[in-house]
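# Commentary on secondary and tertiary structure
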Amino acid sequence: MNYHIIDNISRAVALKDIPTVGYAALYDDLRERLKQERYHVAHYFALPDDSQLRFYVILLDDEEHRIMLASFTMDYYDDTALPSLTALHPAMHPFEREIAELYDVEFDSMPWNKPLRFPFDRRNRNSTMDNYPFYTIEGDSLHEVNVGPIHAGIIEPGAFRFICNGENVLHLEIALGYQHRGVEKCFAATDNRLRQTLLAESVAGDSAVSHASAFVAAVEKLAGRDADDNLVRERAVAAELERMAMHIADTGALSMDVGYQLGQVACEALRTMTINTTQAWCGNRFGKGLIRPLGTNKPLTPEKIDTIRRNVAEICRRYDEVRQDIKSSPTLLARYEQCGVVPRADMLRIGGVGMAARASGVGRDIRASHPAGVYASIPHESIVKRHGDVMARLMVRCREVLQSADLIERLLADFTPVPNPSRPDYEAALAPESLAVGLVEGWRGEICHVAVTDAEGRIAAYKVKDPSLHNWLALALAVRGEGISDFPICNKSFNLSYCGHDL
């Protein structure tokens, strides 16, 4: 099979250089490659191309640090059924479901051909949330429990349908798609690069830095220009602060759900201290306004560097005490250990990514497998656990907070601000008829942005993948066989994004 090979620091690729292959050849190749752990699909989508649909596959080789690109076409109104890759590799399910929903493409033997998002521009307008085909099991001893889509808290809308035998969960199906923001269409609807950056920050509010970083990576590749060394370091510091803040917040949420009030209160204070550190840097607690193409409006100064280093050291010290308390508490261990287990084999089959995958022994981490920025010069050692339970996911978080703190100190210890730092460039010309991939390891996991330009160098199509797209299915697997009362801590142990899914 012919692929165009790049890595995560390569420039944009001309569309004409992406091989066009037959679907049969691609199917046969992926059927075999995806049996190997080293390969997984970062994105797979279709775009209208005159009277045809052009499908793009972005395959990652985690061992050789390669990004492999290929495409195939079919007539827009061709009703030929394509053999389903999901039938062989369940990790492909969200991609095939989206393609089917948007373009009415039929995948033969697709085992879970259900709507993915109910986007506003879906082909089948008769498919609505009101007639979502929930899975059912008949039995006198069984009952269903519906949660959502409106929840009694501040979380976003999503429907959870449990099939239970008494208190034990036999099956959970998660139906999303209640938010129809049309984010991807908005990228292509404007030429205003600043507005596009703001859109990237808004894909998932708790990952503003990570999604903005993926966007600017794609734009800078299309512009054929590199960020300077200071800017690269600043972006890494921002990303690791975001990782610390969210992992600390989740530690507090897991403490709250088992009644460990000391851990909850301590983590709430430390999370506030972390995001206030980001606010002291850029004026926004979530890092909005910090990541911009080819420059920054919020450069680090000696005073800001001192504040960040001092705060991060204090946060790290106090958070490690919380970690030690959790590890030494038999009551907490009894709730967290062997709860919500996702075995390594299942995590691989569904294409799990990020922190959740690493807790199940799957060392999938863009910082290590496809390094860019500071990670290209500072080798990253991923935190990997093997038990795949709530405790493992919590311990990965704890270790990553300490690891992020160490990296921030390393990056800032010898950081020298320059007198005239690079300012953002919102007018940089982009390569025409090209494709660029922005690949970033957010705190949840692998984020992939893909930008495709037209003959004038305008962004004509934009695709976004948040790690939650893969990991919602991991949550459904985690609660099988558990008591339904353990759903809250299983859910919090993943902390997936509704809006990251409902683009």
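Anything mentioned here points back to the structure above.
Our subject in this report is the structure included herewith. Here the structure is a predicted model, which means the values were calculated and not measured.

Here the focus is the overall build of the protein. The number of helices and strands found in the protein is 16 helices and 13 strands. In terms of overall dimensions, the protein is globule-like: its C-alpha atoms have a radius of gyration of 22 Å, near the 23 Å expected for 503 residues. Taken along the three principal axes of its C-alpha coordinates, the protein extends 65 × 60 × 35 Å. Looking at the protein as a whole, 58% of its 503 residues qualify as buried. For the protein, the exposed area adds up to about 20,000 Å²; of that, 48% sits on carbon and sulfur atoms. Each charge sign in the protein was given a centre, from 55 positive and 69 negative side chains, and these centres are 4 Å apart.

For helix α13 (residues 390-413), spanning 24 residues, the distance from its first C-alpha to its last is 35 Å, which sits close to the expected 34 Å at 1.5 Å a residue. When you tally the buried positions in α13, you get 18 out of 24 residues, the bulk of the element.

Below, the discussion takes up the sheet that holds strand β8 (residues 142-147). In spatial order, the strands read β8-β9-β10; together these 3 strands make up an open sheet with antiparallel pairing. In the strand order of this sheet, the two ends are held by β8 and β10 (168-175), each with one partner. With direction set aside, neighbouring strand axes in the sheet form an average angle of 20°. Sheet topology note: the β8/strand β9 (residues 159-165) ladder contains 6 bridges and is antiparallel. What sits directly across from H143, in β9, is C164.

Basis of the calculations
- Residues numbered from 1 in each chain as written.
- Predicted model: local features only at pLDDT ≥ 70, side-chain atom pairs only at ≥ 80, totals over all residues.
- Heavy atoms only, no water.
- Helix = DSSP H or I, 4+ residues; strand = E, 2+ residues; numbered from the N terminus.
- Rg over C-alpha atoms; globule rule 2.2 N^0.38 Å.
- Buried < 20%, exposed > 50% of the residue type's maximum accessible area, 1.4 Å probe, protein only.
- Areas by Shrake-Rupley, 256 points an atom, 1.4 Å probe, with all protein chains shown as cover.
- Lys, Arg positive; Asp, Glu negative; His and termini not counted.
- Charge placed at Lys NZ, Arg CZ, Asp CG, Glu CD.
- Expected span 1.5 Å × (residues − 1).
- Pairing = 2+ DSSP bridges.
- Axes fitted to C-alpha atoms, helices over the stretch in contact; angles between N-to-C directions.

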